[in-house]
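Residue-level structural notes
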Amino acid sequence: MSRLQRITSDPEVCHGQPTVRGLRYPVQTLLELLGSGMTFEDVLADYPDLEREDLLAVLEFAALTVGGQRVTLGAA
């Protein structure tokens, strides 16, 4: 089951960068937090409007794009 519908892009939000559910949380920022060693629980505690499914969507998006797949995003 894909979670990619949670990743959106809107020119009015974060300059069109992929974000989570139209919120001002860029995918890149969340990946950097996870890459720094923060756990899902740490990120969710710091950003209570995010959900576990959002972080799974971020990882799915990253895996696809790093693998060279083009991902079409919906608008927020």
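Here, residues in each chain are numbered from 1, in the same order as that chain's written sequence. Residue-level local features of this predicted model are given only where pLDDT is at least 70; pairs of side-chain atoms are given and counted only at 80 or more, and the full residue set underlies all totals for whole chains, interfaces and linings. Note that the side-chain values use all heavy atoms of the structure and ignore hydrogens as well as water.

Taking an unreviewed UniProt entry as the reference, the chain is identified by name as DUF433 domain-containing protein belonging to Pseudokineococcus marinus.

By the criteria applied, helices consist of DSSP H or I runs no shorter than four residues and strands consist of E runs no shorter than two, each listed in order from the N terminus. Along the backbone of the chain there are three helices and two strands. In the chain, the succession of helices and strands from N to C terminus is β-β-α-α-α. The atom set for the radius of gyration is the C-alpha atoms, and the globule formula is 2.2 Å times the number of residues raised to the power 0.38. Computed over the C-alpha atoms, the radius of gyration of the chain is 12 Å, within 12% of the 11 Å expected from 2.2 N^0.38 for a compact globule of 76 residues. With the C-alpha coordinates of the chain rotated into their principal frame, the extents come out at 30 × 30 × 20 Å. Three labels apply to residues, based on accessible area from a 1.4 Å probe with only protein chains included: buried if under 20% of the type maximum, exposed if over 50%, partly exposed otherwise in between. With 76 residues in all, the chain has 34% of them scored as buried. In summary, the charge assignment counts Lys and Arg as positive and Asp and Glu as negative, without counting His or the chain termini. To locate a charge, take atom NZ for lysine, CZ for arginine, CG for aspartate or CD for glutamate. A gap of 6 Å separates the mean positions of the 6 positive and 11 negative side-chain charges of the chain.

Put simply, buried Ala, Val, Leu, Ile, Met, Phe, Trp, Tyr and Cys residues joined by side-chain atoms within 4.5 Å make one nonpolar core. Residues Ile7, Val20, Leu30, Val43, Leu50 and Val58 are the most contacted members of the largest nonpolar core, which totals 16 residues. Those elements that place two or more of their residues in this core are helix 1 (27-35), helix 2 (40-46) and helix 3 (52-66). It is helix 3 that contributes the most residues to this core, five residues altogether. In this description, contact between two residues means that some pair of their heavy atoms is separated by no more than 4.5 Å. Leave out the neighbours within four places in its chain, and Val58 touches Ile7, Val20, Val27, Leu30 and Leu31.

Given two aromatic rings, their pairing is described by the distance between the two centres and the angle made by the two planes. Classification of ring pairs rests on two measures: the distance between centres of Phe, Tyr or Trp rings, Trp counted by its six-membered ring, which must be within 6.5 Å, and the angle between planes, read as stacked under 30 degrees, edge-to-face over 60 and tilted in between. In this structure the tally under the stated criterion is one aromatic pair. Ring plane angle 75 degrees and centroid distance 5.3 Å describe the contact between Tyr25 and Tyr47, whose orientation is recorded as edge-to-face. With Tyr25 in the loop between strand 2 (19-20) and helix 1 and Tyr47 in the loop between helix 2 and helix 3, this pair connects stretches of sequence that are 22 residues apart.

This brings us to helix 3. Helix span, as expected, comes to 1.5 Å for every residue beyond the first. With 15 residues, helix 3 extends 21 Å from end C-alpha to end C-alpha; this agrees with the ideal 21 Å at 1.5 Å per step. Tucked into the core, helix 3 has its buried residues touching strand 1 (7-8), strand 2, helix 1 and helix 2. One or two residues past the end of helix 3 sits Gly68, with phi positive at roughly 90 degrees.

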